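Remarks on the overall topology
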Amino acid sequence: MNRSDALIEIDTIRKSFGDFQVLKGISLSVQKGEAVCIIGPSGSGKSTILRCINGLIPIDEGFIRVGEHRVHELKTEKQMRPLRHQVAMVFQQYNLFPHRTALENIMMAPVQVLGHDRAEVEDRARKLLKKVRLSEKADSYPGQLSGGQQQRVAIARALAMQPEVILFDEVTAALDPETVKEVLFTIRELVEDGLTCILVTHEMKFARDVSQRVCFTDRGLIVESAPPAELFDNPQDPRTREFLGQVL
Ligand SMILES: Nc1ncnc2c1ncn2[C@@H]1O[C@H](COP(=O)(O)OP(=O)(O)OP(=O)(O)O)[C@@H](O)[C@H]1O
Ligand SMILES: [Mg+2]
């Protein structure tokens, strides 16, 4: 039984590392097709939230559901597998395989992990390369690509698994300003296509333009959550105001 019709449902999760409580009761629900941005100071728990959602970190207390997967109840890697196919994650470091071409990087997991037909996967991979505007780089190795190009290959690789949700963790943080634009453009298109995603970002303008909702985290709590125009123009909590005062 699901508690709500949201695609992702997080209820009062808590997580400590040793004596340090990193998440102090986080609740969030995300509808199918919704793009939610998480903003907040360094160390406030943003990455930890994402890692709990796809089961990379077990939570101490609370409830997490993604689709039909009750994440907090999954214990073994084998139990996690179906969840990991449904939830893709893209990180700041793109972690492409250096000795595989862009096309091969995109094809690997669908062929090896999902056991999909090679020809069908290649077809899908080429379409995805086109989508991230890198068709001409199919046969390039990661070392021959710019940071932004590598990040777009990483996004295509995530999409190749046909996930229901993608979690983006500061995917532009390591890029130079020109390249940031290309990557944000790609993500914006995916959101417009109806991809469900949660994006941790320091790009406030992007958060404002692309998301339906922005959550501001501070010291392990979601302090404030609102549509971007509200949160950026009329923040209610003093901590949100202070943070926005520093970054805007
Ligand atoms: N595996 C771990 N073991 C111990 N402490 C951890 C671990 N992972 C995260 N932390 C701590 O939890 C806190 C939250 O970390 P998290 O990475 O979620 O922050 P963040 O909001 O993503 O920050 P940033 O904007 O710098 O990426 C930090 O104080 C961090 O040091
Ligand atoms: Mg982080």
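Residues numbered from 1 in each chain as written. Chains lettered and ligands numbered in written order. Predicted model: local features only at pLDDT ≥ 70, side-chain atom pairs only at ≥ 80, totals over all residues. Heavy atoms only, no water.

We apply this condition: UniProt positions are given in the numbering used here, feature names are shortened, and annotations may be inferred rather than shown by experiment.
The name given to the chain in an unreviewed UniProt entry is Amino acid ABC transporter ATP-binding protein, with Ectorhizobium quercum as the source organism. UniProt's Subcellular location (unreviewed entry) comment on the chain is quoted here verbatim: "Cell membrane".

Notes on the site of ligand 1
Test applied: Nearness is judged by heavy atoms alone; a residue qualifies as near a molecule or strand once a single heavy atom is within 4 Å of it. In the analysis that follows, any N or O atom pair within 3.5 Å is treated as a polar contact, provided that within protein one partner can donate a hydrogen and the other can accept it, and provided that, for residues neighboring in sequence, both atoms belong to side chains. Each accessible area value is a Shrake-Rupley result obtained with a 1.4 Å probe; residue values ignore everything except the protein chains displayed when judging cover. Helix numbers and strand numbers start at the N terminus; a helix is a DSSP run of H or I with at least 4 residues, a strand a run of E with at least 2. For this classification, Asp, Glu, Lys and Arg are treated as charged, while Ala, Val, Leu, Ile, Met, Phe, Trp, Tyr, Cys and Pro are nonpolar and the rest, including Gly, are polar.
In the region of ligand 1, 13 residues are neighbours, and Ser 42, Gly 43, Lys 46, Ser 47 and Thr 48 sit closest. For ligand 1, an oxygen atom lies 2.5 Å from a polar atom in the side chain of Ser 42. Lys 46 has a polar side-chain atom sitting 2.7 Å from an oxygen atom of ligand 1. Alone, ligand 1 offers 640 Å² of accessible surface; in the complex the protein occludes 60% of this. Contributions of two or more residues to the shell around ligand 1 are made by β2 (20–30) and α1 (46–53). Counting residues per element, the shell around ligand 1 draws most heavily on α1, at three residues. A breakdown of the residues in the shell around ligand 1 according to their chemical character gives four nonpolar, seven polar and two charged.

Focus on the sheet that holds strand β7 (residues 165–169)
Counted only if it meets this: Following DSSP output, two strands are said to pair if at least two bridges run between them. For helices, the fitted axis covers only the stretch in contact; all axes are lines through C-alpha atoms, and the angles between them, taken along N-to-C directions, range from 0 to 180 degrees. By the convention used here, residues are in contact when the closest approach between their heavy atoms is within 4.5 Å.
The strand order across the open sheet formed by six strands is β6-β7-β8-β3-β9-β10, and the pairing between neighbours is mixed. Every interior strand has two partners, whereas the edge strands, β6 (87–90) and β10 (221–226), have only one. Neighbour-to-neighbour, the strand axes of the sheet open up by a mean angle of 20 degrees, direction not taken into account. Pairing geometry for strand β3 (residues 35–39) and strand β9 (residues 213–218), over four bridges, is parallel. The residue bridging Ile 38 from the neighbouring strand is Cys 215, located in β9. Lying on the sheet, helix α9 (residues 238–247) is in contact with β3, β9 and β10; it crosses β9 at an angle near 100 degrees.

A few points about the environment of Asp 5
Convention followed: Summary of the burial criterion: residues with accessible area below 20% of their type's maximum are buried, those above 50% are exposed, and those between are partly exposed, where the area comes from a 1.4 Å probe applied to protein chains only.
By the secondary structure assignment, Asp 5 is in the segment before β1 (8–17). On the basis of relative accessible area, Asp 5 is assigned to the exposed category, the value being 70%. Along the chain, Asp 5 and Asp 193 lie 188 residues apart, while their C-alpha atoms are 21 Å from each other.

Considering helix α6 (residues 177–192)
Quick note on the threshold: Multiply 1.5 Å by the residue count of a helix minus one, and that product is the helix's expected span. Here the arc refers to the set of directions running from the helix axis out to each C-beta atom.
A rise of 1.5 Å per residue sets the reference length of α6, with its 16 residues, at 22 Å; its end C-alpha atoms lie 23 Å apart and thus fit the reference within 8%. Within α6, the full set of buried residues consists of Thr 179, Val 180, Val 183, Leu 184, Thr 186, Ile 187, Leu 190 and Val 191. In a view along the axis of α6, the buried residues occupy a sector of 155 degrees, so they form one face of it. Within α6, the exposed residues directed more than 90 degrees away from the buried face are Glu 178, Lys 181 and Glu 192. Where α6 is buried, its residues meet β3, α4 (118–131), α5 (147–160), β7, β8 (196–200) and α7 (204–210). Downstream of α6 by a residue or two, Gly 194 has a phi angle that is positive, lying close to 100 degrees.

Brief notes about unusual backbone geometry
Residue Gln 162 is not a glycine yet carries a positive backbone phi of 50 degrees. Looking at where Gln 162 falls in the secondary structure, it is placed in the loop between α5 and β7. Unlike most non-glycine residues, Arg 219 shows phi in positive territory, near 45 degrees. Looking at the secondary structure, you find Arg 219 in the loop between β9 and β10. Residue Arg 219 is classed as exposed on the basis of its relative accessible area, which comes to 60%.

Comments concerning the UniProt feature "domain: ABC transporter" (unreviewed entry) in the chain
Under the feature "domain: ABC transporter" (unreviewed entry), the UniProt entry names residues 8–244. Span residues 8–244 is 39% helix and 25% strand, its end C-alpha atoms 27 Å apart.

Side note on the pattern of salt bridges
Between side chains of opposite charge, a pair can form when the charged atoms approach closely. Spelled out, the test is: Salt bridges are defined as contacts in which a side-chain nitrogen from Lys or Arg sits within 4 Å of a carboxyl oxygen from Asp or Glu.
A full pass over the atoms with the stated rule returns 17 salt bridges. Lys 127 is paired through a salt bridge with Asp 123; the nearest N and O atoms lie 3.1 Å apart. Pair noted here: Lys 127 and Asp 123 are both in helix α4, with a separation of four residues, about one helical turn. The exposure class of Lys 127 is exposed, given its relative accessible area of 55%. The partly exposed category is assigned to Asp 123, whose relative accessible area is 42%.

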